[in-house]
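Examining the three-dimensional arrangement
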Number of protein chains: 2
Amino acid sequence: MAESWSFLDTFETNFRPLVVVELAKGAKEETVEWFTKRIVDKKANGGAQLLVKPLVTENRDENIYLVGASHLRLLLGAETVGLVKECNDNSMRSFTYSSRKTFKDFADDNHNFLTMAECQYIIKHELENLRAKDEKMIPGYPQAKLYPGKSIVRRLLTSGILIQIFPLHDTEELKKLRHSWYGRVKVGYQPLDEIRCYFGETIALYFGFLEYFTFALIPMAVIGIPYYVFAWEDYDKYVMFATFNLLWSTVILEVWKRICAILAYRWGTLLMKRQFEEPRPGFHGVLGINPVTGREEPVYSSIKRQIRIYLVSLPFVCLCLYFSLYVMMIYFDLEKWALDYHEENESNFSNLMLFVPSIIYAVVIEIMNRIYRYAAEFLTSWENHRLESSYQNHLILKVLVFNFLNCFASLFYIAFVLFDMKLLRQSLATLLVTSQILNQFAESLLPYWLQKRHKKRMKKRVCSLKTDTDLSLVEQVNMEKEMGTYFGTFDDYLELFLQFGYVSLFSCVYPLAAVFAVLNNITEMYSDALKMCRVYKRPFAEPTANIGVWQLAFETMSVISVVTNCILIGMSPQVNALFPDSKMDLILTVALVEHLLLAIKFIMAFVIPDKPRDIQIKLAKLEFESLEALKQQ
Amino acid sequence: MAESWSFLDTFETNFRPLVVVELAKGAKEETVEWFTKRIVDKKANGGAQLLVKPLVTENRDENIYLVGASHLRLLLGAETVGLVKECNDNSMRSFTYSSRKTFKDFADDNHNFLTMAECQYIIKHELENLRAKDEKMIPGYPQAKLYPGKSIVRRLLTSGILIQIFPLHDTEELKKLRHSWYGRVKVGYQPLDEIRCYFGETIALYFGFLEYFTFALIPMAVIGIPYYVFAWEDYDKYVMFATFNLLWSTVILEVWKRICAILAYRWGTLLMKRQFEEPRPGFHGVLGINPVTGREEPVYSSIKRQIRIYLVSLPFVCLCLYFSLYVMMIYFDLEKWALDYHEENESNFSNLMLFVPSIIYAVVIEIMNRIYRYAAEFLTSWENHRLESSYQNHLILKVLVFNFLNCFASLFYIAFVLFDMKLLRQSLATLLVTSQILNQFAESLLPYWLQKRHKKRMKKRVCSLKTDTDLSLVEQVNMEKEMGTYFGTFDDYLELFLQFGYVSLFSCVYPLAAVFAVLNNITEMYSDALKMCRVYKRPFAEPTANIGVWQLAFETMSVISVVTNCILIGMSPQVNALFPDSKMDLILTVALVEHLLLAIKFIMAFVIPDKPRDIQIKLAKLEFESLEALKQQ
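Residues numbered from 1 in each chain as written. Chains lettered and ligands numbered in written order. Predicted model: local features only at pLDDT ≥ 70, side-chain atom pairs only at ≥ 80, totals over all residues. Heavy atoms only, no water.

- As annotated in an unreviewed UniProt entry, chain A is Anoctamin from Steatornis caripensis.
- What UniProt states about chain A under its Sequence similarities (unreviewed entry) heading is, verbatim, "Belongs to the anoctamin family." (UniProt positions renumbered as here; feature names shortened; annotations may be inferred.)

Here it is as structure tokens:
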């Protein structure tokens, strides 16, 4: 082991392992050779021109390779992926190798110009864009077919030859990050810039949103507390609270867009034109010419995609939603039946029976959720989106709608069919608090504990082998490859989204929801941070400029909550008492108020600009410059 | 006279008069000399570098100048204003003098590469951007103050020294255009490309919209006819008609955006970045550096503008709206009072009295409209918008809201306060038909008749002077300078907007409205064409890529019409008969349907892309190219 590393040290002093490629244990030698050759090969020959080294462990079966790249190669890669960096004049520009001297902190010997996350992103991009040329199949595996333009890594993954590709942690940096993030007790913002440097923009934006959202909920929580403390039940106070909530939620979502633009500009992703990138590895099609960039790549008719979306995916989603509603109705029937049974023959058994419907329903929902998610992934993949962001948005939208229904349909039923406000408040409180506790536990604490146990055992084993105190690279790789994989921010956003639903949809029934949300989010920040740093493998950085379809989802939720809150207030006995003679006047008044609120919301969303003025100016300046450059040509 | 023109012909063979500048009759010689010198002066000296010739008429008092420019100057001007032209490879690109050879139909001796309208636009732009340097005042007029950056033409206009600037008609081209536009009886589209070449994009887009809108109304009209013929009163048919109307209006507005993008792309205005242009002449501020373009120009804080808009203009508009509603209520009171009076003492006098309130109201509305419009222009000008489009949009929005209220408030009152459907149908029909007839008359036919009389008189006078058969340039100028000025497309769009209101707001009460609208629009096309070609001075072309705030206005109208139609249907006796027991169920059903329709509308608007796919690709391609060009630099 020591020899293999000193071997590296002697022959390639500046090889810095960045990404780990784990191949199947029994992978044929011929395949491994071909794959590593493609990775190392010159760009001109269709290779990735990266550096690759085998990791020699005590277990000779293992096929683990470390991938790195020379400094020059990484700089050229940064140009290819279109990284945007800050220039000496404080403007943000696309990095090009030829203009490298104009960028801030650039020096030929400064290997920290690109962050490690950026380097890893570049390597991932290069590996994923290794595409088959004239190969008909993967050497050694005749059943793993290839065709020109097919991503090799993707075929290797689907054939099970490639197990995983993941970026290595940087233990030094991670320690620093952990310290400033959650290592000490402090009151203050999260170190978003450092998170971004280490984990990339997608994850940093999630933490930025989590933090922003928590702060934004504080006014709601503060206003909600006296309602609980003094047990206020006056309708005018509820109306005021709901109105404030509705307008406030519009404001916070609009302001988030502005903050997001500021962050994305500072991080360079606002200017990154990802639509000009090469297609995502899962994208397939006949090799052709991209009409925009003129590059050779797989092309796929957008009409075909539209047909798949509207004629297959959309009906499927609607069917699933209908089915889910149907299951819910069965649950309510069962519930009623159990209650009747209990009243008729009161016994221990009937007492037990009362819980059966809920348990069955919870299990069925969980199963449905899993099946649906699998189907959604399959469908979205089959829709064949060219861009990763578009794939993600379509997937998120599908899963989101289903989850929304499963989560809130029963509450809607209780509120607007059973008209039982007391039960609604009770269910809401139970759902909110239990889901929060369960989530925190299942998402971070449990994996953390498992991870810690596993690490201890690993360390023991390692220690029994040799008595070095410091963890060597081999140990680090072995440890990290066993860690869980972080599957993206979807579940984290979904949790916030559902929470936002609990807080805003029925805010006038349960003003305390915001308080619980704030408390949960504060611990959530820490447990999520722990999860990222300790539990999961380091995820690849993914440049992104906004939270994508989540913005739309939150905005839609805030529109729906105007409707629900108006109805709830209209149904409250206090408001009903104001219109003793005519129910009609009541409903008309409620409808009028609702329309007014919706109109105000839309006007506010229209009037508040999505980007702060200085960002607008900077973007316009860049656009002006590029048009001028085009003219000059 | 003949001498003066032969003089021109001899000395400057290629001087083609394009724009007429009419100065006040008593303008001081010193001023005229200074102004013409500035026009002729080199760009480097702060001049416009155009050609200028006095028009020598029999009336020596007159100070009329013809402005033209050399071919080279016009090409350079085309680059300055950022004209977009078609290249040899069929792509659209910003014209630059250095790349002139790559443009379609470009040849050094082809003086038709730029259309006359484009040349005139360039000259107007150059004249308006003649800005004061170190002059403290206009020479000869110490009270007409100047400061660095102030538009000279604007100061001359406001001081009354400059009477008008207008582009000359091209009699040959106009004859051809007239012939293909309305000269022969034909079934077919309007020659939009030719209209655009002659009058510019703003006017061509108006005619494009008028034509498109008329075609789009035909399905509504066709479906509406049987309702009238068979006197259908079944609620289900009305519901179907209204639902179709509401969804149809969303579709047509979304599709218009796509058609508009196609037209604007073909005409090059979609790619014109007008926000990078120099500010509109009315814009004032301290001379500074534009942060985007880096050019020296007046700058004005956008926060100050926001404050003016939200703290002065908005309250003022609200106050005016309130006042207008107040006047309407007085009118209804008066009406009632007159009716009571008539019933009490029936006589000829009381019969006459019945009409008095309506007449007073009509007169008051007209006066209010005029005062309000003047105030709106003042306020919008005072808001100090940098871009002409932004000025126009703010002005249009202000005037629009007021006109909407004046037009429809009484109908809303009849429908939703008096609940008198019969009166509503009657008022709607009367308002629609009379306003259409009056408009057609006042807008085109009357001015045309006046113009014809004037022309005859002019011709007689000219003929008495000399017996030349052809109208010379002097006569043309003299004739055109007396013609009315076309103040932009505002009134034309407003007419269509109010018509759209009549058709859609109460469509389930009066399905015949669409028929009248279609009939009106067909004649409108011809009368508007007549108006443009015969009645008014040629207007300056104004490049524009869309119909601006009108799109928003039409969309808002279609949202409002969902609400009104749902209420109207809910109020109909047939629907009421379906819910004999419970008014509440009725209202809830109506509200549910309304929300569903609104949701469908918003989803449709979201799903239908604003630009056709091929335009999207072309735009992306240009963006990609300009980013690449910036990288190359």
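1. Digging into the overall build of chain A
- For chain A, the count of helices and strands is 21 helices and 10 strands.
- Taken over C-alpha atoms, the radius of gyration comes to 28 Å for chain A, in line with the 26 Å a tight globule of 633 residues would show.
- Projected onto its principal axes, the C-alpha positions of chain A cover 90 × 70 × 55 Å.
- Of the accessible surface of chain A, which amounts to about 30700 Å², a share of 63% is contributed by carbon and sulfur atoms. (Helix = DSSP H or I, 4+ residues; strand = E, 2+ residues; numbered from the N terminus. Rg over C-alpha atoms; globule rule 2.2 N^0.38 Å. Areas by Shrake-Rupley, 256 points an atom, 1.4 Å probe, with all protein chains shown as cover.)

2. Observations regarding the environment of phenylalanine 416 of chain B
- By the secondary structure assignment, phenylalanine 416 of chain B is in helix H13 (residues 388-416).
- Residues phenylalanine 416 of chain B and isoleucine 567 of chain B, spaced 151 residues apart in sequence, show a C-alpha to C-alpha distance of 8.5 Å.

3. Here's the deal with the UniProt feature "transmembrane region" (unreviewed entry) in chain A
Residues and elements named next belong to chain A.
- Those places that UniProt annotates as "transmembrane region" (unreviewed entry) correspond, in this numbering, to residues 212-232, 238-256, 309-332, 352-372, 395-416, 496-519 and 586-608.
- As annotated, residues 238-256 has a helix share of 100% and a strand share of 0%, and its two end C-alpha atoms lie 26 Å apart.
- Span residues 309-332 is 100% helix and 0% strand, its end C-alpha atoms 33 Å apart.

4. Here's the deal with the packing of helix H20 (residues 583-607) of chain A against helix H20 (residues 583-607) of chain B
- Between H20 of chain A and H20 of chain B, the shortest axis-to-axis distance is 9 Å and the interhelical angle comes to 15 degrees. On the basis of their axis angle, the class for H20 of chain A and H20 of chain B is roughly parallel. H20 of chain A and H20 of chain B meet at a crossing whose hand is right-handed. From H20 of chain A, Lys583, Met584, Ile587, Leu588, Glu594, His595 and Phe602 of chain A reach across to H20 of chain B, where they touch Lys583, Met584, Ile587, Leu588, Glu594, His595 and Phe602 of chain B.
- Residue composition of the contact of H20 of chain A with H20 of chain B, by class: 8 nonpolar, 2 polar and 4 charged. (Axes fitted to C-alpha atoms, helices over the stretch in contact; angles between N-to-C directions. Parallel < 35°, antiparallel > 145°, perpendicular 65-115°, else oblique. Left-handed = near helix turned anticlockwise from the far one by under 90°. Contact = heavy atoms within 4.5 Å. Nonpolar A, V, L, I, M, F, W, Y, C, P; charged D, E, K, R; others polar.)

5. Digging into the relation of the copies chain B and chain A
- Taken as rigid bodies, chain B and chain A are interconverted by a rotation of 180 degrees and an axial shift of 0.1 Å, the fit giving an RMSD of 0.1 Å. Taken together, the turn and the small shift mark the pair as related by a two-fold rotation axis.
- The fraction of interface residues of chain B whose copies in chain A are also interface residues reaches 97%, indicating that both copies meet through the same surface. (Least-squares fit on C-alpha atoms with pLDDT ≥ 70 in both.)

6. Observations regarding a nonpolar patch on the surface
- Judged by side-chain polarity, Ile303, Ile307, Tyr310, Leu311, Val312, Leu314, Leu397, Val401 and Leu552 of chain A together with Ile603, Phe606 and Val607 of chain B come together as a nonpolar surface patch covering roughly 1100 Å² of accessible area.
- Elements with a contribution of two residues or more to the nonpolar patch: helix H10 (302-344) and helix H13 (388-416) of chain A together with H20 of chain B.
- With 6 residues, the top contributor of residues to the nonpolar patch is H10 of chain A. (Patch = residues over 30% accessible without salt bridge, like charges linked within 9 Å, V, L, I, M, F, W, Y side chains within 5 Å. Salt bridge = Lys/Arg side-chain N within 4 Å of Asp/Glu carboxyl O.)

7. As for the domain arrangement of chain A
Residue and element names in this part refer to chain A.
- The domain boundaries assigned to chain A delineate domain 1 (13-168) and domain 2 (172-277 + 488-632).
- Computed from C-alpha coordinates alone, the two centres of domain 1 and domain 2 are separated by 37 Å.
- Contacts between domain 1 and domain 2 engage 20 residues on the former and 20 residues on the latter.
- Note on domain 1 versus domain 2: buried area summed over both sides is about 1700 Å², and carbon and sulfur give 60% of it.
- Where glutamate 625 meets arginine 93, a salt bridge forms, and the shortest distance between an N and an O atom there is 2.8 Å.
- Where domain 1 packs against domain 2, one counts 7 residue pairs in polar contact (both at pLDDT 80 or more). (Domains from an automatic or database assignment. Buried area = accessible area lost by both parts, 1.4 Å probe. Polar contact = N/O pair within 3.5 Å; in protein donor to acceptor, adjacent residues only side chain to side chain.)

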